[in-house]
Amino acid sequence: MSAEEVDTGVAGLAAPVRAGALVVCDAVSRTFRRGGVEVPAVRAASCRVESGMRVALTGPSGSGKSTLLHLLAGLDTPTGGHLSWPGLGGLPRERPGTVGMVFQGPSLIPALDVVENVALPLLLAGLGETEAVERACAALDRLRIGELGVRLPHEISGGQAQRVAVARVLASRPRMILADEPTGQLDHDTGDRVVSVLLETADELGAALVVSTHDAQVARRLSRCWRMDDGRLGIEAAS
């Protein structure tokens, strides 16, 4: 296998893919079993994410957007097809900091204050405590919530917690940012600021950005649109 052909995927046999792609989905499916019944969440989705891409992932609730993002992040395993990360050298969870995920639901550790929550992934990746805290504080300041640094998660609102989750991802400086409804709990102005910070950070890092959203205004700020419908992925041409 040449340097241009990297196969580090899971679930099925893969054809060689160019190493420039950060992640490649080839007819990837994910089916859950609930009460003895198989429930398909993603159906034979094929896509690739490359450095610098800006993608809006749209579709109704329950269409499979969150499941697809979890698959792209390597947090879930497909039940069919093939998934690989040639441009990242393998599974993201084995390479801390390469992929940043902004989750839709609460994701902060209750016993840690805001700065500690943001700094924790950096410490786990081997960064020194001083630099980890400095990067955490800088990310919080960028999102205009630096004053929340010493508070515990139960002392902040849901919208503030979502911005802390975004700061945690930005502080890690990943090569691919995946955001699951990052503006869902925010007012329009705050949501617009969060999207601007995501775009600015992705530009600075040369990172890919994939944002799932119900908000047409958010979707229009990204140059590509992927739409999920009943687990099926449709990809529109870049604007």
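A.B. asks: Help me out: how do you make sense of the environment of Ile177 in this one?
C.D. replies: By the secondary structure assignment, Ile177 is in strand 6 (residues 176–180). Its relative accessible area of 0% is what places Ile177 among the buried residues. Sequence separation between Ile177 and Leu198 is 21 residues; the distance between their C-alpha atoms is 8.2 Å.

A.B. asks: How should I be thinking about the pattern of salt bridges in this particular structure?
C.D. replies: In a structure, side chains of opposite charge can pair up when their charged atoms sit close to one another. Enumeration over the complete set of coordinates arrives at 11 salt bridges. For Arg95, the salt bridge goes to Glu94, with nearest N and O atoms at 3.6 Å. Arg95 gets classed as partly exposed once you look at its relative accessible area, which sits at 28%. Connected through shared salt-bridge partners, Arg43, Asp230 and Arg232 make up one network.

A.B. asks: Would you explain the nonpolar core in this entry?
C.D. replies: A general tendency of soluble globular proteins is for nonpolar side chains to be buried together. Core analysis: the largest hydrophobic core is formed by 37 residues, its most contacted members being Leu140, Leu143, Val164, Leu198 and Leu209. The set of elements that each furnish at least two residues to this core consists of helix 2 (114–124), helix 3 (129–142), helix 4 (158–172), strand 6, helix 5 (188–205), strand 7 (208–212) and helix 6 (216–220). At seven residues, the largest contribution of residues to this core is made by helix 4.

A.B. asks: So what exactly am I meant to see when it comes to the pairing of strand 1 (residues 21–34) here?
C.D. replies: Both faces of the sheet carry side chains from a regular strand, because those side chains alternate between them. Alignment of strand 1 against strand 2 (residues 37–50), held across 10 bridges, turns out to be antiparallel. Paired with Val28 across the bridge in strand 2 is Ala45. Count of turn residues in the strand 1/strand 2 antiparallel hairpin: two residues, of which Gly35 carries a positive phi of about 60 degrees. Looking at chain direction, strand 1 and strand 4 (residues 80–84) are connected through four bridges and run antiparallel.

A.B. asks: Explain helix 4 to me, please; I cannot follow it from the model alone.
C.D. replies: Its 15 residues give helix 4 an end-to-end C-alpha distance of 22 Å, which sits within 8% of 21 Å, the value for a rise of 1.5 Å per residue. For helix 4, the buried fraction is high: 13 of the 15 residues fall into the buried class. Just downstream of helix 4 lies Arg173, where phi reads positive at about 50 degrees.

A.B. asks: Even after reading the chapter, I still don't get helix 5, so can you show me in this structure?
C.D. replies: Residues lying three or four places apart along an α-helix face the same way, a consequence of the helix completing one turn every 3.6 residues. Helix length check: helix 5 (18 residues) gives 26 Å between terminal C-alpha atoms against 26 Å at 1.5 Å per residue, within 8%. Considered for burial, the residues of helix 5 that qualify are Thr190, Gly191, Val194, Val195, Ser196, Val197, Leu198, Leu199, Thr201 and Ala202. For helix 5, the secondary structure elements touched by its buried residues are strand 3 (54–58), helix 3, helix 4, strand 6, strand 7 and helix 6. The opening residue of helix 5, the one whose side-chain oxygen lies 3.1 Å from the backbone nitrogen of Asp189, is Asp187.

A.B. asks: Looking at this structure, how should I read the sheet that holds strand 4?
C.D. replies: By way of backbone hydrogen bonds, the strands of a sheet pair with one another, either parallel or antiparallel. Read across the sheet, three strands follow the order 2-1-4 without closing on themselves; strand pairing throughout is antiparallel. Of all strands in the sheet, those with a lone pairing partner are strand 2 and strand 4, marking the two edges. Taking the axes of each pair of neighbouring strands and ignoring which way they run, one obtains an average angle of 20 degrees across the sheet. Its contacts with the sheet place helix 1 (residues 65–72) against strand 1, strand 2 and strand 4, and it is angled at close to 125 degrees to strand 1.

Rules used in this analysis
Residues numbered from 1 in each chain as written. Predicted model: local features only at pLDDT ≥ 70, side-chain atom pairs only at ≥ 80, totals over all residues. Heavy atoms only, no water. Helix = DSSP H or I, 4+ residues; strand = E, 2+ residues; numbered from the N terminus. Buried < 20%, exposed > 50% of the residue type's maximum accessible area, 1.4 Å probe, protein only. Salt bridge = Lys/Arg side-chain N within 4 Å of Asp/Glu carboxyl O. Core = buried A, V, L, I, M, F, W, Y, C linked by side-chain atoms within 4.5 Å. Pairing = 2+ DSSP bridges. Expected span 1.5 Å × (residues − 1). Contact = heavy atoms within 4.5 Å. Polar contact = N/O pair within 3.5 Å; in protein donor to acceptor, adjacent residues only side chain to side chain. Axes fitted to C-alpha atoms, helices over the stretch in contact; angles between N-to-C directions.

No statement about biological role is implied by the geometric values presented.
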